[in-house]
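# Report on the structure
The lines below spell out each chain.
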Amino acid sequence: MFVFVVSFVMYLLLSWSGSMSIQEVTIAFVLAVVISLVSSNSPGSGGFWNTKGLSLRRWWDFLRYLFGPFAVGLAQANWDVAKRVITGDINPGIVKFDPRLKTKHGRMMLANSITLTPGTLTVDVDDDGVFYVHALTLTSLTPKEEDICGVFGQWARRIMG
Amino acid sequence: MFLGIFVGLFLLVSLFFNTLGIVSLYRFPDVYTRMHGATKCSTFGTLFTVFALLFYSFVRFMMEGESRFLVLMIHVFIGGVVLLISNPTGAHALARAAYRSGTVPEPAVVDALENTKKSKGGVAA
């Protein structure tokens, strides 16, 4: 259902140009049904009628995360890396930590959050959910989860499980 | 006038961070550290271009009420969302491919993935 809603809304948003005709809505509906039926066979999607991705509470939490801690982290880390680009003061290395995320979507969200905030780059995630992160400036050789990604791990566990 | 100054400021910030991304390519020693600058500084920089365009089209829409500015706003917003998803995914894929093809992070104070490779007889799948 999640794929259906997203593709339906996306088609309408991209084709909308001031007015909306019944033909466009029909085409959007047909295409969204086809896309969601095709993608419902892929592993982890939970089938066509799975409404897990449409939970309003999750989306609300996700938006709060995106405009709250994530935006702050992005700005701070960018400023930090900007200084390091100029001064050349780096101490790089690959470290590992286990954020205890169970779902694939949660791992994807955390990995993308880590990669988007400069200074840290997810290199690999193994089958058990252990993250291997390349950090630009290490403060210790075996850092905790909070040292790498701050509060991102808590939010990923809360939103995606 | 006010609109022009504001949009210009946003574009300047965007240009500053994108330039830093290029500078980092020359300043940093190996492929992983360079990827930090090249992919992330450019994301942050391009986000400011998106903000500038969003702000510009929002103000023009409010002033003149033409729907083409609203259309521009929607398209730019979707572009920004796609950028936020595709950029880290691409950086992640590049870093993983670089590690799997044998590029060792140099210099690096610690390499946790190296130990995993030894104990499991291959890079973690």
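Preceding block: the structure.
What this report covers is the structure whose coordinates are included nearby. Note that this is a predicted model, so its numbers are computed, not measured.

Facing 43 residues of chain A, the contacting portion of chain B comprises 44 residues. With its nearest N and O atoms 3.0 Å apart, the salt bridge here joins D124(A) to R96(B). Where chain A touches chain B, the interface holds six residue pairs in polar contact (both at pLDDT 80 or more). Mapped by element, the contributors of at least two residues to the side of chain A that touches chain B are α1 (2-15), α3 (56-87), β1 (93-97), α4 (104-116), β2 (120-125) and β3 (131-135) of chain A. Taken together, the residues that form the side of chain A that touches chain B break down as 24 nonpolar, 14 polar and five charged.

Turning next to the sheet that holds β1(A). Residue and element names in this part refer to chain A. Spatial ordering of the open sheet is given by β1-β3-β2, a layout of three strands whose pairing is antiparallel. The open sheet terminates on both sides in strands that have one partner only, identified here as β1 and β2. Taking the axes of each pair of neighbouring strands and ignoring which way they run, one obtains an average angle of 30° across the sheet. Bridge analysis of β1 against β3 gives five bridges, and the strand direction is antiparallel. Looking across to β3, one finds that V95 is bridged to V133. Relative to β2, α4 is tilted by about 145°, and along the sheet it contacts β1, β2 and β3.

Quick notes on the rules
Every chain is numbered independently, its residues counted from 1 as its sequence is written. Going through the entries in the order they are written, you letter the chains from A and number the ligands from 1. A pLDDT threshold of at least 70 governs which residues receive local features in this predicted model, and a stricter bar of 80 or more applies before side-chain atom pairs are shown or counted, although totals over entire chains, interfaces and linings include all residues. Hydrogens and water are ignored here; the side-chain numbers use all heavy atoms of the structure. In what follows, residue pairs with any heavy atoms lying within 4.5 Å of each other are defined as contacts. Salt bridges are counted wherever a side-chain nitrogen of Lys or Arg sits within 4 Å of a carboxyl oxygen of Asp or Glu. For the purposes of these results, a polar contact is taken to be a pair of N or O atoms within 3.5 Å, where, inside protein, one atom must be able to donate a hydrogen and its partner to accept one; residues adjacent in sequence count only when each atom of the pair is a side-chain atom. Here a helix means four or more residues in a row that DSSP labels H or I, a strand means two or more in a row labelled E, and each is numbered from the N terminus. Charged residues are taken to be Asp, Glu, Lys and Arg, nonpolar residues to be Ala, Val, Leu, Ile, Met, Phe, Trp, Tyr, Cys and Pro, and polar residues to be all remaining types, Gly included. Any two strands are treated as partners once DSSP identifies two or more bridges connecting them. Angular values range over 0 to 180 degrees, each being the angle between N-to-C directions of two axes fitted as lines to C-alpha atoms, with helices fitted over their stretch in contact.

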